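Chain by chain, the residues run as shown.
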Amino acid sequence: MDPNDIKDWLIPIASFVGIISTSVGVWLALKEYRLKLKAEQRLAESTRAETDIRLFTHFTDILEVATGRRRDPVYSKEVAEKLLEKLNVEPANANFDYRTLRENIATAALLHSWVGNSSSDAAFASITTLALRHKALIPSAIQALESFNDWKPELAKKYLTLLKNARPAADNLETD
């Protein structure tokens with residue numbers, strides 16, 4: 001073999017090795033980039049889920065204001081004692097249902113903490129605004145406003161009309 005032949009082959013072989021190593025490096029970098037993108041997407045979905053949970057929680061709180069009542073009723077000690085006596089409540093029982101007891105006490109409440117009309121009216125507007133901004137809330141808002149028809153029919157109808165008219169347009173939008 002002639003040294004000139006070896007010299008002629010060295011340049012293409014070195015170029016081929018350089019191209020292969022560069023290609024492998026680019027492929028590994030793209031693979032790592034795709035993994036990072038997937039991790040960021042999972043993090044974004046997780047963050048969105050947490051945000052949605054907080055949004056739905058606050059939305060539910062606004063619904064309570066819209067009904068004109070706060071969550072915890074005020075009841076007298078005597079009513080609670082009579083209720084417990086009437087229900088034959090024995091909390092030591094393993095099958096005792098505290099949720100049912102709480103609901104029964106709440107329905108026997110003497111007083112509820114009422115909100116003002118302006119707070120209730122503003123809550124109707126807030127429910128609609130949030131639903132228009134976040135399309136995931138539209139079905140919940142429509143259901144809530146329909147149930148408020150007996151509470152404040154004129155406001156419920158006004159905001160129901162807005163939501164129902166916006167519903168087809170919201171279905172075409174991407175989720176916020």
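See above for the structure.
Residues numbered from 1 in each chain as written. Predicted model: local features only at pLDDT ≥ 70, side-chain atom pairs only at ≥ 80, totals over all residues. Heavy atoms only, no water.

Asks: Would you take a moment to explain the overall build of the protein chain for this structure?
Replies: Secondary structure summary: the protein chain contains six helices and zero strands in total. Ordered by position in the sequence, the α and β elements of the protein chain form the string α-α-α-α-α-α. Taken over 176 residues, the protein chain has a buried fraction of 21%. The contacts of the protein chain with a sequence gap of at least 6 include a subset with a gap of at least 24, amounting to 72%. (Helix = DSSP H or I, 4+ residues; strand = E, 2+ residues; numbered from the N terminus. Buried < 20%, exposed > 50% of the residue type's maximum accessible area, 1.4 Å probe, protein only. Contact = heavy atoms within 4.5 Å.)

Asks: Before we go on, may I ask you to explain the nonpolar core in this structure?
Replies: Nonpolar side chains tend to gather and get buried jointly when the protein is soluble and globular. Core analysis: the largest hydrophobic core is formed by 22 residues, its most contacted members being Phe 59, Phe 124, Ile 127, Leu 145, Phe 148 and Leu 163. For this core, the elements supplying multiple residues, two or more each, are α1 (3-66), α4 (117-133), α5 (138-147) and α6 (153-172). In contact with Phe 59, not counting residues within four places along its chain, are Ile 127, Leu 130, Leu 137, Ser 140 and Ala 141. (Core = buried A, V, L, I, M, F, W, Y, C linked by side-chain atoms within 4.5 Å.)

Asks: I keep staring at the pattern of salt bridges and nothing clicks. Help me out?
Replies: Side-chain pairs of opposite charge can arise whenever the charged atoms involved come near each other. Using the criterion set out here, one finds three salt bridges in the structure. One salt bridge in this structure joins Asp 121 and Lys 152, with 2.6 Å as the shortest N-O distance. Linking Asp 121 in helix α4 with Lys 152 in the loop between α5 and α6, this pair joins segments that are 31 residues apart in sequence. On the accessibility criterion, Asp 121 (30% relative accessible area) is partly exposed. A relative accessible area of 9% means that Lys 152 is categorised as buried. A salt bridge links Lys 164 to Glu 146, with the shortest nitrogen-to-oxygen separation between them at 3.3 Å. Of the two residues, Lys 164 is situated in helix α6 and Glu 146 in helix α5; the sequence distance between them amounts to 18 residues. Owing to a relative accessible area of 34%, Glu 146 belongs among the partly exposed residues under this scheme. (Salt bridge = Lys/Arg side-chain N within 4 Å of Asp/Glu carboxyl O.)

Asks: What am I meant to see in the environment of Lys 158 here?
Replies: Tracing the backbone shows Lys 158 in helix α6. Lys 158 gets classed as partly exposed once you look at its relative accessible area, which sits at 48%. Along the backbone, Lys 158 and Phe 124 are 34 residues apart, and their C-alpha atoms lie at a distance of 9.7 Å.

Asks: Please clarify how the side chain of Thr 128 should be interpreted in this entry.
Replies: Mapped onto the fold, Thr 128 is located in helix α4. In this structure Thr 128 touches Leu 145, Tyr 159, Leu 162 and Leu 163, once residues within four positions along its chain are discounted.

Asks: Can you help me understand a nonpolar patch on the surface in this one?
Replies: Taken together, the side chains of Trp 9, Ile 13, Phe 16, Val 17, Ile 20, Val 24, Trp 27 and Leu 28 make up a nonpolar region of the molecular surface, amounting to roughly 860 Å² of accessible area. Taking the relative accessible area as the measure of exposure, Phe 16 reaches 54% and is therefore exposed. (Patch = residues over 30% accessible without salt bridge, like charges linked within 9 Å, V, L, I, M, F, W, Y side chains within 5 Å. Areas by Shrake-Rupley, 256 points an atom, 1.4 Å probe, with all protein chains shown as cover.)

Asks: What is the right way to read the packing of α1 against α4 from this model?
Replies: What describes two packed helices is the angle between their axes and the distance between those same axes. Between α1 and α4, the shortest axis-to-axis distance is 8 Å and the interhelical angle comes to 145°. Handedness of the crossing formed by α1 with α4: left-handed. Judged by residue contacts, Leu 55, Phe 59, Ile 62, Leu 63, Val 65 and Ala 66 of α1 engage Ser 119, Ser 120, Ala 123, Phe 124, Ser 126, Ile 127 and Leu 130 from α4. Considering only residue class, the contact of α1 with α4 consists of ten nonpolar, three polar and no charged. (Axes fitted to C-alpha atoms, helices over the stretch in contact; angles between N-to-C directions. Left-handed = near helix turned anticlockwise from the far one by under 90°. Nonpolar A, V, L, I, M, F, W, Y, C, P; charged D, E, K, R; others polar.)

This is a description of form; function is not addressed.
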